[in-house]
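The residues making up each chain are set out below.
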Number of protein chains: 2
Amino acid sequence: MTSFIVKNECGASRTGILHTRHGEIETPCFMPVGTLATVKTLSPSELEDIGAKIILSNTYHLYLRPGLKIIEGAGGLHRFMNWKGSILTDSGGFQVFSMNALRKITGQGVEFTSHLDGSKHFFTPEKVVEIQSVFGSDIMMVLDECVPYPVEREYARSSLILTAEWAKKSKVFYELCTKKYSDIGMLFGIIQGSVYEDLRKESAVRTLEIGFDGYALGGLSVGEPNELMYDVIFGTLQHLPVNKPRYLMGVGTPEDLWECVERGIDMFDCVLPSRNARNGQAFTSAGKINLKNACFKTDYSPIDSSCDCYACRNFTRAYISHLFRCNEILGLRLNTLHNLNFMVKLSKRIRDSIANGNFFQEKKKFFEIYRR
Amino acid sequence: MTSFIVKNECGASRTGILHTRHGEIETPCFMPVGTLATVKTLSPSELEDIGAKIILSNTYHLYLRPGLKIIEGAGGLHRFMNWKGSILTDSGGFQVFSMNALRKITGQGVEFTSHLDGSKHFFTPEKVVEIQSVFGSDIMMVLDECVPYPVEREYARSSLILTAEWAKKSKVFYELCTKKYSDIGMLFGIIQGSVYEDLRKESAVRTLEIGFDGYALGGLSVGEPNELMYDVIFGTLQHLPVNKPRYLMGVGTPEDLWECVERGIDMFDCVLPSRNARNGQAFTSAGKINLKNACFKTDYSPIDSSCDCYACRNFTRAYISHLFRCNEILGLRLNTLHNLNFMVKLSKRIRDSIANGNFFQEKKKFFEIYRR
């Protein structure tokens, strides 16, 4: 039904095509984040215009607001938000663990309190798959425990074992769901283990044993140094099959895309390009700038003169910086559109370089200009 | 160069075409408000899509931020904000008087303090024309004193005389500017006089003596009862020539459009459709609704099923109300787009009814459904 095909390889980096019920996604790809069934400030048609094929949404947040029934009543998440591309939904594990000091974990699942109204809820691995099935997600994530950094080795190990147990339950339940929902999405497993190489290996082995449509690396970019993260990724990917997509959760920057694709990652998501955009930070081919800085008040060039987005084709830094100074929403829109276009186009540039066998030259070129 | 032609009449209502350097505007028309060189939440291309031909911007606000030099450096206001349609700029008189408790008025002009940083500034009638010439406004407004409601007759009279003196200076200076700026926009005079019929007449006579490309009614919709406003409009318009456009400043609601066109108004502007949109209030053919209300949580119909805007073609009340509940910017965008489309399309419906000679039947039809 759904499948992943590797097309080109260049070192450990590779291009591929991921088929979902909502189209083909060329990998490596960057997925804009639309936590609450909206990529903040943008319309679905703008996301289509910049070439986004898949966005990420969030089980925890949508379960609490607007709630499952309202999305079910709309005929699923795609129809609710009128997005015709693919949707990956995070399981909510990360949110349960990062936003809930009072959570209670058992073998069955996790009890947590809503950050909105303090109401109590219980997520089981099965329930999280059920919710995502009702959403109609193209790619569902298993419930996992995401540990902070730094974390003691012992806790990291018991946590990865719990995550693997939950993953097993998720898979069993998913198999049942495939009978109930004829056109169900894919299910991805999540590899944990903090920054401990052997624990990452153990988590990978346990997760692979269960068998998923794709494998995600969780618990990274949570405070550890960049180089350590890159090493963990490199180490972990040695244990993953080549014929399944590898998704690095919550990462990252333009630099991260190059570094992690080089190590074999296929899929990325991160709030940074959109969140920072709303704070005035814009990506350009020459590096980051902040449009709120005084020097842009009279700069009548576009954010990035080599960019083809609506913002760069039509508006100057002077105008957008004026919008930021006045807290005008159009400023947030234009810069978000620009930054997400930057990430989507950067992914394409990376894919092209792999297909052309000059990934390393292109990476070098990028950093020569980007870091100056 | 620029001109106004009356095309159809039906009672006191009429349709016309206003030619500016940036195109033809069919009247009666509603002008979306873009105070700070942006119609809040929307892009210029969205304004084009809904059929807006002219927007309003504000001399006071733009003079303070980003300042004249930055707009001049961009090549004028149209290029600064990338708006290809027409722009009318209010003189800033209203803002100077409504936002500045410490203003000082003299025959020469008015001293005021910036609401942003408390800095002192002085507007003369000449300076305000100069600023708007540099902006490249298609329609410039003279500096006027806008009195509050209620106001004593004596103050209203001395104020209208001051406004007329300033108007004279504005006109003299404008004539000089026509030599300096080859392609200068039109200049409109403003009629004051509060709710006193004879003072409105006096103001009209004084303003007509000077002679302008169009005549605005200022100082209305500032707290007086609706019926009183309609009466003042009716009374004042008796003294205005038929061959010049009549602009009712800061008005109004969908109901106001019908009532005031009936009395002979050609042009409107108001922040209400966009400001209320951001608070969740949406216009529909059946009346106003507030999308934040609980009843819309599971309402899978569009805001207005008879509406052709992007919001109504693609999204449900349930989704947009979810966006409002989550404070998501897309909610503000979609509802603003819808409300402004409503006003622009309502203006067209009114024009068509005048052209077809059935204004009164259409007005009756509108209110039968709108008020139910």
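Thresholds applied
- Residues numbered from 1 in each chain as written.
- Chains lettered and ligands numbered in written order.
- Predicted model: local features only at pLDDT ≥ 70, side-chain atom pairs only at ≥ 80, totals over all residues.
- Helix = DSSP H or I, 4+ residues; strand = E, 2+ residues; numbered from the N terminus.
- Expected span 1.5 Å × (residues − 1).
- Buried ≥ 20, exposed ≤ 12 C-beta atoms within 10 Å, placed from the backbone.
- Arc of directions from axis to C-beta.
- Contact = placed C-beta atoms within 7 Å.
- Nonpolar A, V, L, I, M, F, W, Y, C, P; charged D, E, K, R; others polar.
- Pairing = 2+ DSSP bridges.
- Axes fitted to C-alpha atoms, helices over the stretch in contact; angles between N-to-C directions.
- Least-squares fit on C-alpha atoms with pLDDT ≥ 70 in both.
- Domains from an automatic or database assignment.

1. Things to note about helix H9 (residues 226-237) of chain B
All names here are of chain B.
In step 1: For H9, spanning twelve residues, the distance from its first C-alpha to its last is 17 Å, which sits close to the expected 16 Å at 1.5 Å a residue.
In step 2: Residues of H9 that are buried: Met229, Val232, Ile233, Thr236 and Leu237. Each buried residue of H9 lies within a common arc of 120 degrees when the element is viewed along its axis, so the set occupies one face. Looking at H9, the residues exposed on the side facing more than 90 degrees away from the buried face are Glu227 and Leu228.

2. Overview of the interface of chain A and chain B
In step 1: Contacts between the two partners involve 30 residues from chain A, matched on the other side by 30 residues from chain B.
In step 2: Of all the secondary-structure elements, those providing two or more residues to the side of chain A that touches chain B are helix H3 (68-73), helix H4 (77-81), helix H13 (317-325) and helix H14 (329-355) of chain A.
In step 3: The biggest single contributor to the side of chain A that touches chain B is H13(A), with five residues.
In step 4: Among the residues making up the side of chain A that touches chain B, the classes are represented as 16 nonpolar, nine polar and five charged.

3. So, the sheet that holds strand S11 (residues 186-191) of chain B
All names here are of chain B.
In step 1: Here we have eight strands laid out as an open sheet, ordered S4-S14-S13-S12-S11-S10-S6-S5, and parallel in their pairing. What marks the edges here is a single partner per strand, and that holds for strand S4 (29-31) and strand S5 (54-58). When strand polarity is set aside, the average angle formed by the axes of neighbouring strands in this sheet is 25 degrees.
In step 2: Taken together, the four bridges between S11 and strand S12 (residues 214-217) define a ladder with parallel strand orientation. What sits directly across from isoleucine 190, in S12, is alanine 216.

4. Considering the environment of B:Val134
Residue and element names in this part refer to chain B.
In step 1: On the secondary structure map, valine 134 appears in helix H6 (residues 125-135).
In step 2: In this structure, the C-alpha to C-alpha distance between valine 134 and lysine 69, residues 65 residues apart in sequence, is 9.1 Å.
In step 3: Leaving out residues up to four positions away in the same chain, valine 134 has contacts with Leu68, Ile71 and Glu72.

5. So, the pairing of strand S5 (residues 54-58) of chain A
Residues and elements named next belong to chain A.
In step 1: Counting buried residues along S5, five of its five residues qualify, which places the element largely inside the surrounding structure.
In step 2: Covered by surrounding structure in S5 are Ile54, Leu56 and Asn58 together with Ile55 and Ser57, the residues of both alternating faces.
In step 3: Judged from the five bridges that link them, S5 and strand S6 (residues 86-90) form a sheet pairing that is parallel. Its bridge partner lying in S6, asparagine 58 is registered against aspartate 90.

6. Digging into the sheet that holds strand S12 (residues 214-217) of chain A
Residues and elements named next belong to chain A.
In step 1: The eight strands lie next to each other as S4-S14-S13-S12-S11-S10-S6-S5, forming an open sheet whose pairing is parallel. Both edges of this open sheet fall to strand S4 (29-31) and S5, since each of them pairs with a single strand only. With direction set aside, neighbouring strand axes in the sheet form an average angle of 25 degrees.

7. Some details on the relation of the copies chain A and chain B
Between the two chain copies there is a screw-like relation: a rotation about an axis and a shift along it.
In step 1: Its rotation angle being 180 degrees, the transformation that places chain A on chain B also includes 0.0 Å of axial translation and leaves an RMSD of 0.0 Å. Such values leave the two copies arranged in the relation of a two-fold axis. Closest approach to the rotation axis within chain A is made by the C-alpha atom of A:Ile329, at a distance of 3.9 Å.
In step 2: Mapped onto chain B, 100% of the interface residues of chain A are again interface residues, and the two copies thus contact each other with one and the same surface.

8. Notes on the environment of B:Arg263
Residues and elements named next belong to chain B.
In step 1: By secondary structure assignment, the location of arginine 263 is in the loop between helix H10 (254-262) and strand S14 (267-269).
In step 2: Separated by 81 residues in the primary sequence, arginine 263 and serine 182 have C-alpha atoms spaced 36 Å apart.
In step 3: If near-sequence neighbours (up to four positions away) are discounted, arginine 263 is found in contact with Ala12, Tyr230, Ile233, Phe234 and Leu237.

9. Some points on the domain arrangement of chain A
All names here are of chain A.
In step 1: Split into domains, chain A comes out as domain 1 (30-270) and domain 2 (278-372).
In step 2: If you average the C-alpha positions of domain 1 and of domain 2, the two centres end up 28 Å apart.
In step 3: Every contact between the two is made by 14 residues of domain 1 and, on the other side, 16 residues of domain 2.
In step 4: Broken down by class, the residue content of the side of domain 1 that touches domain 2 amounts to nine nonpolar, two polar and three charged.

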